[in-house]
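Chain residues, written in single-letter form:
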Amino acid sequence: MRLALRELRRSRRRFVPTTVALALLVVLLLMLGGLLDGLYIGSTGALRSQDDELVAFDRAARESTLRSRVEPATRAEIEAVPGVRSTSGFGIALVGADVPRTDELADAAVMGYEGRVGGVPAPPAPGRAWADRSLEARGVRIGDVVRVGPTRIPLRVIGWVDDTNYLQQGGLWVEPGTWRTVLAESRPGAAVGDDVFQNVWIDVASGADPLRVAAAIDAATGTTRTITRAEAVLALPGIREQNATFTQIIGVTFLVAGLVVALFFALLTLERTPMLGVLKALGASSRQLVGALMTQTVAVTVVAFVVGGVVALGLDRLIPPEVPLVVTPGRALFVAVGIFVAAVIGGAVSLRRIIRIDPASAIGTGT
Amino acid sequence: MPALVLQNVRKTYPSGDSEIVALDRANLEVPDDQILALVGPSGSGKTTLLSIAGGLLSATEGHVVVGGHDITEYSAKQLTEFRRAEVGFVFQTVNLVPFLTARENVMVATELAGRGNEKATRARADQLLEELGLAHRAENLPAQLSGGERQRVAIGRALMNEPKLILVDEPTSALDTSLGNQVMALIVGEVKQRSTAAIIVTHDTRMTHYADRTVEITDGILAA
Ligand SMILES: Nc1ncnc2c1ncn2[C@@H]1O[C@H](COP(=O)(O)OP(=O)(O)OP(=O)(O)O)[C@@H](O)[C@H]1O
Ligand SMILES: [Mg+2]
């Protein structure tokens, strides 16, 4: 152990390239993970923050909120299904928002709701909105009147809410009437009548099985498709593909990290085989020598993670707020554990070689 | 109690269908304060004998008793412990640990044992370096030492754990004659001072006058 750490200190230079390579991979992993998390968070907040377990779509809408319409009559049918305690109407209009003091339009999602959204207070008065805090980075201030849609419908921001965005568009939470106005102005073809919503969220009575209730609802209405909140999140455009793509890239990056460590320590072991033979002859056990290698592997990984983490945090500051990058402690932990496991497996590749070094090689018999 | 007893020790290596006999029915007893010179031509089995005596190789047949311990049936693990505690090696190629200072190289076996107090170990290492004329080199890395100085550090390393048996394989082959004589005199002096046993392998008969006794080996057979 002491021997291993001494070598690290005295021969620092030979460990630098590998540590730097690993640190860069850590930066890459944190950035990729942060981007994935950022994209996910920014796309799904409006759905994830719903209190209710189930959501009903018009069957023809194929699980797209923007395409879906649920008529008041259908909603009444849903409410009559056993196991349904209450329903809340919900709708979205994607618009550009004209923010005071700025020239650019901010992307916004105007959300009409009736309540039961976690972290969002009860619907405000007509013409007022709770704004997602991410809009602050686009210049929005509390008390501002932002103007949305082609006809610049004014909405007064009365407070912040968190993590409520939809497909990277900043959430503006309004009462249903205001939403219908915005929808009719911004997409006249998609206008809906009074009391019509795009989705109906369903509060399932306690004790009832949500999946059975969902099936009962669809059977009763004949026109709806009812799914869970988690399914609705995954049904958002691109979410599955995003997850799969990023997960693959992240997996390959871990693999590369393992290979870097494996290659470095395999070469190092090869190079110092004579010295390891001498140490064995002098009474070092294989376990001590393997322990030394693992100590060095772990030390290199820890340093690389710290350096990579600091660099990633620095980059996070530099990257403009439009880039949906969110480095969470959970993600950092995931990368730390992943890189640690990859490095230990990589280091373990040299294990067999170390164990098989013959102490007699020190004295030069047979070689 | 003799430092080393070899009884009918045979060492063979398989070679195709036949076998190479590196050591053939060797019988040898080294008293606990004797310096024995082992001489013989290249390939005669000198290193093999030394390796078996030091627990680096296992004999094919026969018994090996070092300081009263019969190591013949020792496991690899027991041999590791045995080498650390009971024998001191000086190898032909010096092989110091390159990133450790002279003092740390001397201390390496003690550190591997992981016991003892750091201060006493260090004091002992410094004393050895002093005796070997290397007091001023204690902080130097092997790369900063001359060949003779490195060999002297290796001698210090072998003596550090106060072994009962010191095994030296051609310590002077990499050095010129006068330096070789110096190193040999040093080894002999240190060993004598401690009255421990030693086997020194050499093919240079001019070196044998340093020893109490000389044994010749030819084709794996010890001459009486
Ligand atoms: N691992 C091995 N496999 C096969 N044969 C071996 C092995 N080690 C040694 N030998 C053979 O055993 C015999 C004795 O070798 P050893 O190394 O003991 O000789 P030596 O007297 O030390 O020679 P030198 O003076 O050249 O160092 C030689 O014929 C050698 O080729
Ligand atoms: Mg030899």
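Reading the values: rules and limits
Residues numbered from 1 in each chain as written. Chains lettered and ligands numbered in written order. Predicted model: local features only at pLDDT ≥ 70, side-chain atom pairs only at ≥ 80, totals over all residues. Heavy atoms only, no water. Patch = residues over 30% accessible without salt bridge, like charges linked within 9 Å, V, L, I, M, F, W, Y side chains within 5 Å. Areas by Shrake-Rupley, 256 points an atom, 1.4 Å probe, with all protein chains shown as cover. Salt bridge = Lys/Arg side-chain N within 4 Å of Asp/Glu carboxyl O. Helix = DSSP H or I, 4+ residues; strand = E, 2+ residues; numbered from the N terminus. Buried < 20%, exposed > 50% of the residue type's maximum accessible area, 1.4 Å probe, protein only. Contact = heavy atoms within 4.5 Å. Buried area = accessible area lost by both parts, 1.4 Å probe. Polar contact = N/O pair within 3.5 Å; in protein donor to acceptor, adjacent residues only side chain to side chain. Nonpolar A, V, L, I, M, F, W, Y, C, P; charged D, E, K, R; others polar. Core = buried A, V, L, I, M, F, W, Y, C linked by side-chain atoms within 4.5 Å. Near = heavy atom within 4 Å. Pairing = 2+ DSSP bridges. Axes fitted to C-alpha atoms, helices over the stretch in contact; angles between N-to-C directions. Expected span 1.5 Å × (residues − 1). Arc of directions from axis to C-beta. Domains from an automatic or database assignment.

A.B. asks: Provide a residue-level description of a nonpolar patch on the surface, including the pertinent values.
C.D. replies: Residues and elements named next belong to chain A. A surface patch of nonpolar side chains, about 420 Å² in accessible area, is lined by Val303, Val307, Val311, Leu315 and Leu318. Among the structural elements, Val307 can be located in helix H9 (residues 286-318). Taking relative accessible area as the criterion, Val307 reaches 41% and is therefore assigned partly exposed.

A.B. asks: How would you sum up the interface of chain B and chain A? Please name residues and give values.
C.D. replies: Each side of the interface is counted separately: chain B has 27 residues, and chain A has 23 residues. Of all residues in chain B, Phe91(B), Phe99(B) and Leu112(B) give up the largest surface area on contact with chain A, accounting jointly for 29% of the area buried on that side. Our enumeration of links across chain B and chain A arrives at five salt bridges. Linking Arg2(A) and Glu118(B) is a salt bridge whose minimum nitrogen-to-oxygen distance equals 2.9 Å. Seen at the junction of chain B and chain A, the total is nine residue pairs in polar contact (both at pLDDT 80 or more). Residue assignment for the side of chain B that touches chain A shows that the elements contributing at least two residues are helix H1 (46-53), helix H2 (76-86) and helix H3 (102-113) of chain B. For the side of chain B that touches chain A, the class distribution of residues is 13 nonpolar, six polar and eight charged.

A.B. asks: Quick one: what's the story with the nonpolar core, residue by residue and with numbers?
C.D. replies: If you look at soluble globular proteins, the nonpolar side chains tend to sit buried side by side. Core analysis: the largest hydrophobic core is formed by 82 residues, its most contacted members being Leu279(A), Leu4(B), Leu38(B) and Ile199(B). Examining the composition of this core, we find that 12 residues originate from one element, helix H2 (residues 12-48) of chain A, more than from any other. Beyond its immediate stretch of four places on either side in the chain, Leu279(A) contacts Leu3(A), Ala284(A), Leu289(A), Val97(B), Val108(B) and Leu112(B).

A.B. asks: Any details on the site of ligand 1? Residues and values, ideally.
C.D. replies: Near ligand 1 there are 14 residues, and of these Ser42(B), Gly43(B), Lys46(B), Thr47(B) and Thr48(B) occur at the shortest range. Chain contributions to the surroundings of ligand 1 come from chains A and B. Residue Ser42(B) places a side-chain N or O atom 2.5 Å away from an oxygen atom belonging to ligand 1. Thr47(B) has a polar side-chain atom sitting 2.6 Å from an oxygen atom of ligand 1.

A.B. asks: Account for the sheet that holds strand E10 (residues 221-222) of chain B, with residues named and values stated.
C.D. replies: Residue and element names in this part refer to chain B. Spatially, six strands are ordered E6-E7-E8-E3-E9-E10 in an open sheet, and the strand pairing comes out mixed. Of all strands in the sheet, those with a lone pairing partner are strand E6 (87-90) and E10, marking the two edges. Here strand E7 (residues 165-169) runs beside strand E8 (residues 197-202); their pairing, made up of five bridges, is parallel. Looking at the pairing, Leu165 lines up with Ala197 of E8. In the packing of H1 onto the sheet, contacts are made with strand E3 (35-39), E7, E8, strand E9 (213-218) and E10, and the angle to E7 comes to roughly 155°. The sheet contacts of helix H5 (residues 147-159) involve E6 and E7, and relative to E6 the element is tilted by about 170°.

A.B. asks: Can you explain helix H4 (residues 118-131) of chain B? Please cite residues and give values.
C.D. replies: All names here are of chain B. Taking 1.5 Å per residue as the helical rise, H4 with its 14 residues ought to reach 20 Å, and the 20 Å between its terminal C-alpha atoms agrees with that figure. For H4, the full list of buried residues reads Thr121, Arg124, Ala125, Leu128 and Leu129. For H4, the arc enclosing every buried residue in end-on projection is 140°, short of the 170-degree limit, so these residues lie on one face. Set apart from the buried face of H4 by more than 90 degrees, the exposed residues are Lys119 and Glu130. Those residues of H4 hidden inside the fold are in contact with H3, H5 and helix H6 (177-194). The backbone nitrogen of Lys119 lies 3.0 Å from a side-chain oxygen of the residue at the head of H4, namely Asn117. Of the residues flanking the end of H4, it is Gly133, one or two places downstream, whose phi is positive at about 75°.

A.B. asks: Describe the environment of Gly314(A), naming the residues involved and giving the relevant values.
C.D. replies: Residue and element names in this part refer to chain A. Relative to the helices and strands, Gly314 resides in helix H9. Judged by its relative accessible area of 33%, Gly314 falls in the partly exposed class. C-alpha of Gly314 to C-alpha of Arg9: the two residues are 305 residues apart in sequence and 27 Å apart in space.

A.B. asks: Describe the side chain of Thr221(A), listing the residues and the values that go with them.
C.D. replies: All names here are of chain A. Mapped onto the elements, Thr221 comes out in helix H5 (residues 210-221). By relative accessible area, Thr221 is classed as buried at 11%. A polar contact is formed between the side chain of Thr221 and the side chain of Thr224, at a distance of 2.6 Å. If we skip the residues at most four places from it in the chain, Thr221 touches Thr74, Glu77 and Ile78.

A.B. asks: An account of the domain arrangement of chain A is needed here, citing residue identities and associated values.
C.D. replies: Residues and elements named next belong to chain A. Once the domains are mapped, chain A shows domain 1 (2-43 + 239-363) and domain 2 (65-234). Here domain 1 and domain 2 have C-alpha centroids that lie 45 Å from each other. The interface is formed by 12 residues belonging to domain 1 together with nine residues belonging to domain 2. Interface of domain 1 and domain 2: buried area, both sides summed, is about 810 Å²; carbon and sulfur atoms make up 50% of it. Contact with domain 2 buries surface across domain 1, with Gly42, Ser43 and Arg240 losing the most and accounting together for 47% of the total. Applying the counting criterion to the domain 1 and domain 2 interface returns zero salt bridges. The interface formed by domain 1 and domain 2 includes four residue pairs in polar contact (both at pLDDT 80 or more). The biggest single contributor to the side of domain 1 that touches domain 2 is H2, with six residues. The class makeup of the residues in the side of domain 1 that touches domain 2 is six nonpolar, four polar and two charged.

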